[in-house]
Every structure is written in structure tokens, then in C-alpha cells.
Amino acid sequence: MSGTITITNHPLIQHKVAILRNKNTSSKDFRTLVGEIAMLMCYEATRDLTLEEREIETPVAKAKVNVLAGKKLAFVPILRAGLGMVDGVLQLVPSARVGHIGLYRNPETLKPVEYYCKLPADISDREVIVLDPMLATGGSAIDAITQIKKRNPRSIKFMGLIAAPEGLEALHKAHPDVDIFCAAKDERLNDHGYIVPGLGDAGDRIFGTK
Ligand code: PRP
Ligand code: URA
């Protein structure tokens, strides 16, 4: 089945993304907003999780209820900026496992350089959601998902905040089975591989490194 591309344009998300883009937003507010948007987007990205029926007793009567089936989710943030999304998604799915993939873009070639990969041991029983606020050329997301696929997870989704059309197209072409969720699709990439209008360097803004 072909993966879908969803731009989650809920008014609350649009409002928060607007504040995120503003260059005068502080690192503290930026971090808080990235977490909040990730939490709201996670609601949409988990809409198709499998449920199973159980019988329980309420204080009043027996009831048939639906709970999440089997082994569930693993979130995999791409370091560094993906870390900013982890707390938000864990608020919705506290029992999820968390893996980490360390990648940075070589500023000259714009190609991803991998420096760390630690994934949950039982990842083959889990649905994976890869987290990274920025989908620019798509190189980092493509590389991360290629690494994760080697460990045979049940499925993979990508969740980002701001996407360039170039990155969306490249990711969908490289991994056509992966559902992609983003909060905004921007105009283009500039000559330095930055998303326009974008929000600048997400890692630097989250961690205050510039
Ligand atoms: C940023 C961002 C993505 C990547 C996107 O990371 O967080 O991982 O760039 O660009 P791409 O789609 O062209 O690959 P960066 O390389 O700046 O590393 P950092 O998070 O460690 O700052
Ligand atoms: N990485 C970022 O953090 N921002 C961009 O605009 C592109 C890549």
C-alpha cells in the first residue's frame, strides 16, 4: 500500500507554528511549542493504531472496552532536533519505547552523516514513528528510515513540523510505504538547503546553541 502525505492544518497547530516561525520567539518558548505541536500531531498520526476488545468491570456494570493491541509504538527522534518532540509524544503514549538516531547534515554536501544508532531490541514487534521537526532535502529522514528498516519494524511513519516540497517528494519516492505527517508545507529550499520561509535551524533554536 502506498504511504500517505498528511499536512495537519488544525487551527491550534497553525497558531503554534506561527509563533514558532517568529525569529523573536525565545528558546524556552520554542521548546515548549515544539513539544505541544508534536503532541497534537501524534493524535493524528496514531489514528489507525490497532485496538482489541476486553471486558472489564466499571463500578456499575461489566463493559466491553477497546485497548491498544499487542506491542505498540516506538518513537525514534533524529538527533538533535527530534529530541524536542519526544516529551510531547510521550505525554500521549507514555508506554512507548524510544530509540535514537544521530545524524547531522554536512553543510557543504547537505548529505547526512550518521554518528549514533540505538533502537529498542523488540523493534520488530512495534510500529515506529520517526521524529524530526525539519524535512528539508529529505536526506536525513531517508537515511534514518533506511537504517530502521534493516531491523524489520511492523511499520514506519515520519512525523515532522515543517517540510519543503523537495523533501516531501524525495522521502515519498525513497520510502513509498511510509506515511508522512507534517504541520506545514513551505515554499522551497534556499541555496544553503534551508527551508523558506521555515523557522531557521531547529536544533539551534531548541537548544539555544546560536
Ligand atoms: C537538521 C534537522 C534535520 C535535517 C533536515 O538537522 O533537524 O535532521 O537538518 O535536513 P535534510 O532534510 O536536508 O536532511 P542538522 O543536520 O542541522 O543537525 P542537528 O539537529 O544536530 O542540528
Ligand atoms: N535543518 C533545519 O534545522 N532547518 C532547515 O531549514 C533545514 C534543515
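Right above here is the structure, for reference.
None of these values were measured; they are calculated from a predicted model.

Asker: Outline the environment of Ala18, listing residues and values.
Answerer: Here Ala18 shows up in helix α1 (residues 11–21). When its relative accessible area of 48% is taken as the criterion, Ala18 is described as partly exposed. Through-space distance from the C-alpha of Ala18 to that of Thr109 is 30 Å; in sequence the pair is 91 residues apart.

Asker: Tell me about the packing of helix α4 (residues 139–149) against helix α5 (residues 165–174), and name the residues and values.
Answerer: Contact pair α4 / α5: the axes reach a minimum separation of 9 Å and the direction vectors enclose 20 degrees. Regarding the angle of α4 to α5, the classification is roughly parallel. As α4 runs across α5, the sense of the crossing is right-handed. From α4, Ala141, Ile142 and Ile145 reach across to α5, where they touch Ala170, Leu171 and Ala174. In terms of residue class, the contact of α4 with α5 is built from six nonpolar, no polar and no charged.

Asker: I'd like a description of the site of ligand 1, backed by residues and values.
Answerer: Contacts to ligand 1 come from 14 residues, most closely from Arg105, Asp132, Thr137, Gly138 and Ser140. Note that an oxygen atom of ligand 1 is positioned 2.9 Å from one of the backbone N or O atoms of Ala136. Here an oxygen atom of ligand 1 and a backbone polar atom of Gly138 are 2.8 Å apart. Protein contacts shield 90% of the accessible area of ligand 1, which totals 500 Å² for the unbound molecule.

Rules used in this analysis
Residues numbered from 1 in each chain as written. Chains lettered and ligands numbered in written order. Predicted model: local features only at pLDDT ≥ 70, side-chain atom pairs only at ≥ 80, totals over all residues. Heavy atoms only, no water. Helix = DSSP H or I, 4+ residues; strand = E, 2+ residues; numbered from the N terminus. Buried < 20%, exposed > 50% of the residue type's maximum accessible area, 1.4 Å probe, protein only. Axes fitted to C-alpha atoms, helices over the stretch in contact; angles between N-to-C directions. Parallel < 35°, antiparallel > 145°, perpendicular 65-115°, else oblique. Left-handed = near helix turned anticlockwise from the far one by under 90°. Contact = heavy atoms within 4.5 Å. Nonpolar A, V, L, I, M, F, W, Y, C, P; charged D, E, K, R; others polar. Near = heavy atom within 4 Å. Polar contact = N/O pair within 3.5 Å; in protein donor to acceptor, adjacent residues only side chain to side chain. Areas by Shrake-Rupley, 256 points an atom, 1.4 Å probe, with all protein chains shown as cover.

All quantities given are derived from atomic positions and should not be read as evidence of function.
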